[in-house]
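# What the coordinates show
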Protein chains: 2
Amino acid sequence: MPATPPSKPAARRRAATRPESGPGLGDGPLYLGLQRSLARSLAERRWPPGSALPSETRLAAEHRVSIGTVRKAIDALVAGGMLVRRQGRGTFVASHTPDRLLFHFFHVVARDAPAASPRELPSTRLLSFRHARAGAGVAEALAIAPAARVLRVENLLHLQGRAVLFDEITVAAARFPRLDRARLERREGTIYGLYESDYGIDVVRSTERLSAVACPARIARLLGLAPGDPVLRIRRVAYGWGDRPVEHRVSWVDTRTHEYLSDLWKRGPDPRG
Amino acid sequence: MPATPPSKPAARRRAATRPESGPGLGDGPLYLGLQRSLARSLAERRWPPGSALPSETRLAAEHRVSIGTVRKAIDALVAGGMLVRRQGRGTFVASHTPDRLLFHFFHVVARDAPAASPRELPSTRLLSFRHARAGAGVAEALAIAPAARVLRVENLLHLQGRAVLFDEITVAAARFPRLDRARLERREGTIYGLYESDYGIDVVRSTERLSAVACPARIARLLGLAPGDPVLRIRRVAYGWGDRPVEHRVSWVDTRTHEYLSDLWKRGPDPRG
DNA sequence: TTCGATTTGTTCGTATGTATT
DNA sequence: TAATACATACGAACAAATCGA
């Protein structure tokens, strides 16, 4: 028996990588096309956060690809934090729970805390909510006009009962209609959860730039520092689907008792023997 | 025809996930066992940095697993930065080239530089090389005794022709015998490349903790700052195979012209539609 | 409690495309 | 051109987790 003959000889739409595009997955490898297609569906809220995607079997049938191709497409979105797999249950759209915040977006921890130790969720106190104009720097980060209206929120964050971090958040007012101080204060969960639930805006990634600066007097007062004391300043831009900027945030951190932890690993099974 | 009958009905060593361990891959899923096995081989320098691993076909045959399982094991090591795939050529052991330094370990960039812009490699000037004792903090980080002998190196790093960063590097003297100032100064490539080529010690990951501090007088002089000016201090611990600490490093960064960039993404095809 | 249906997780094997030498 | 190596794709079978009947 010279090896099993091609028991499934033909009838497939394509052999392996296909030079032409299939029905509607775009060009390039199939799994990338499917990945883009799924990302687009997620951006359009076809499956809202927290809900389950169709099973891999169904997705494979609907898109006319094999289940292995579906898995590879989903793998990338799971690695990017947009989807969550649960064996025996299904694949779910990631939601902005406190857990996700801690894992993906909040990097300030108690000094000398082990990298793998459980992190503490900060408690937030809203200090101010104002309407303003973007200005040059924020405008560039948010890809809006410098004169565009923005909302500016100031928060004081506590860790271990201590004021550690002052946040200045700026978002385009046009994207968050009717957002007001009351709504912010009575929210449950994180601000990103509010963006998600009230406005259908998902933050999917962020970049942060850190520098050391002399603490402004007002912030020093809030953090219990002397004016001019060194503080860690973090400028974060948070992006949504399609790399569209959603939020500009500047944080000032009192690093006497806390610090910024940049691990850069811990995803999937540890690849170090 | 009720679907192709199982044309390959038996003879496999195992069916799917196997409760028992195979030849020597340990417990758990096969691909994890293989991943650990490969990591161990890499740690033992079975294939030196820059060299090619056996082909996936060969690895599959040697370990008596399918090629898909081999690919999954290698995928994780590639994601961790220990291996590099090159289509048509093979899979290679990652070496500590300047490129790898920039991508995985060096995060200081010019202010407001786009996140995706090409980064600049710093030029290094060695300021001092001394023998010393570890002391409490370093000892804990390096998992050695506080009285253990260490080597301490001070470097001044320039970016865009400007002194931007002061480095204080500490390693256990026992692991780097006969390392001296002359060898450090005449090295080509990065310090991690020297660890690799001269001592067979690979840095595979690092954690960094950032805080803002008042600049010590001596460092201020070197960086062109006034004593007490805010500087960004980075405490890095670099780890080798098996999460063994290799190096303790404290960096002081002048963040008037440069900043620390924490992207946390950009690996693999972008999962955002 | 047991059992079956459903869904993801793991493994195998094969075929073919694409890049390199 | 031929051989080799990784990349993509398909499909099948079984394991493990989950949930509800």
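Procedures and definitions
Residues numbered from 1 in each chain as written. Chains lettered and ligands numbered in written order. Predicted model: local features only at pLDDT ≥ 70, side-chain atom pairs only at ≥ 80, totals over all residues. Heavy atoms only, no water. Pairing = 2+ DSSP bridges. Helix = DSSP H or I, 4+ residues; strand = E, 2+ residues; numbered from the N terminus. Axes fitted to C-alpha atoms, helices over the stretch in contact; angles between N-to-C directions. Contact = heavy atoms within 4.5 Å. Core = buried A, V, L, I, M, F, W, Y, C linked by side-chain atoms within 4.5 Å. Buried < 20%, exposed > 50% of the residue type's maximum accessible area, 1.4 Å probe, protein only. 1 Å grid on protein atoms, 1.4 Å probe; cavity = no way out; pocket = protein on both sides within 12 Å on 5 of 7 lines; lining within 4 Å. Points joined across faces, edges and corners; volume = space filled by probe spheres on them. Nonpolar A, V, L, I, M, F, W, Y, C, P; charged D, E, K, R; others polar. Domains from an automatic or database assignment. Expected span 1.5 Å × (residues − 1). Arc of directions from axis to C-beta.

### A closer look at the sheet that holds strand E6 (residues 162-172) of chain B
Across the sheet, which stays open at both edges, the eight strands sit in the order E3(A)-E10(A)-E7(B)-E8(B)-E9(B)-E6(B)-E5(B)-E4(B) with antiparallel pairing between neighbours. Every interior strand has two partners, whereas the edge strands, strand E3 (108-110) of chain A together with strand E4 (123-133) of chain B, have only one. Across this sheet, the average inter-strand angle for adjacent strands is 25°, counted without regard to direction. In this structure, E4(B) lies alongside strand E5 (residues 149-159) of chain B, joined through ten bridges in antiparallel fashion. By the bridge assignment, B:Arg130 is partnered in E5(B) with B:Arg152. Each of E5, E6, strand E8 (230-239) and strand E9 (245-253) of chain B is contacted by helix H7 (residues 191-199) of chain B, which is oriented at about 165° to E9(B), the strand it contacts most.

### Focus on the environment of B:Trp241
All names here are of chain B. Following the sequence through the fold, tryptophan 241 ends up in the loop between E8 and E9. Along the primary structure tryptophan 241 and alanine 148 are separated by 93 residues, whereas in three dimensions their C-alpha atoms are 21 Å apart. When sequence neighbours within four positions are dropped, the list of residues in contact with tryptophan 241 reads Ala39, Leu42, Ala43, Met82, Asp202 and Val204.

### So, the nonpolar core
Counting 66 residues, the largest nonpolar core has A:Tyr195 and B:Tyr195 as the members making the most contacts within it. Of all hydrophobic cores here, the second largest spans 20 residues; its members include A:Leu30, A:Val70, A:Ala73 and A:Leu77.

### Here's the deal with empty space enclosed by the protein
Residue and element names in this part refer to chain B. By the definition in use, this model includes four cavities of 30 Å³ or more. Here the largest cavity is characterised by a volume of approximately 80 Å³. In terms of lining, the largest cavity is formed by 13 residues, of which the most central are Pro49, Val93, Ala94, Asp202 and Trp241. Tallied by class, the residues present in the lining of the largest cavity amount to ten nonpolar, no polar and three charged. Formed jointly, the lining of the largest cavity draws a minimum of three residues from each of two domains, domain 1 (8-93) and domain 2 (98-260).

### Some words on helix H3 (residues 67-79) of chain A
Residues and elements named next belong to chain A. Here H3 contains 13 residues, and its C-alpha end-to-end distance of 18 Å stays within 8% of the 18 Å for a straight helix at 1.5 Å per residue. Among the residues making up H3, those that are buried are Thr69, Val70, Ala73, Ile74 and Leu77. Summarising the axial view, the buried residues of H3 lie within an arc of 130°, below the 170-degree limit, and thus occupy one face. The elements touched by buried residues of H3 are helix H1 (30-43), helix H2 (56-63), strand E1 (83-86) and strand E2 (90-93). Of the residues flanking the end of H3, it is glycine 81, one or two places downstream, whose phi is positive at about 85°.

### Brief notes about the sheet that holds strand E4 (residues 123-133) of chain A
Strand order in the open sheet formed by eight strands is E4(A)-E5(A)-E6(A)-E9(A)-E8(A)-E7(A)-E10(B)-E3(B), and the pairing between neighbours is antiparallel. Each end of this open sheet is capped by a strand with a single partner; those strands are E4 of chain A together with strand E3 (108-110) of chain B. The mean inter-strand angle of the sheet, taken between neighbouring strand axes irrespective of direction, is 25°. Of the strand pairs in this sheet, strand E6 (residues 162-172) of chain A and strand E9 (residues 245-253) of chain A are connected by six bridges, and their pairing is antiparallel. Looking at the pairing, A:Phe166 lines up with A:Trp252 of E9(A). In the packing of helix H7 (residues 191-199) of chain A onto the sheet, contacts are made with strand E5 (149-159), E6, strand E8 (230-239) and E9 of chain A, and the angle to E9(A) comes to roughly 165°.

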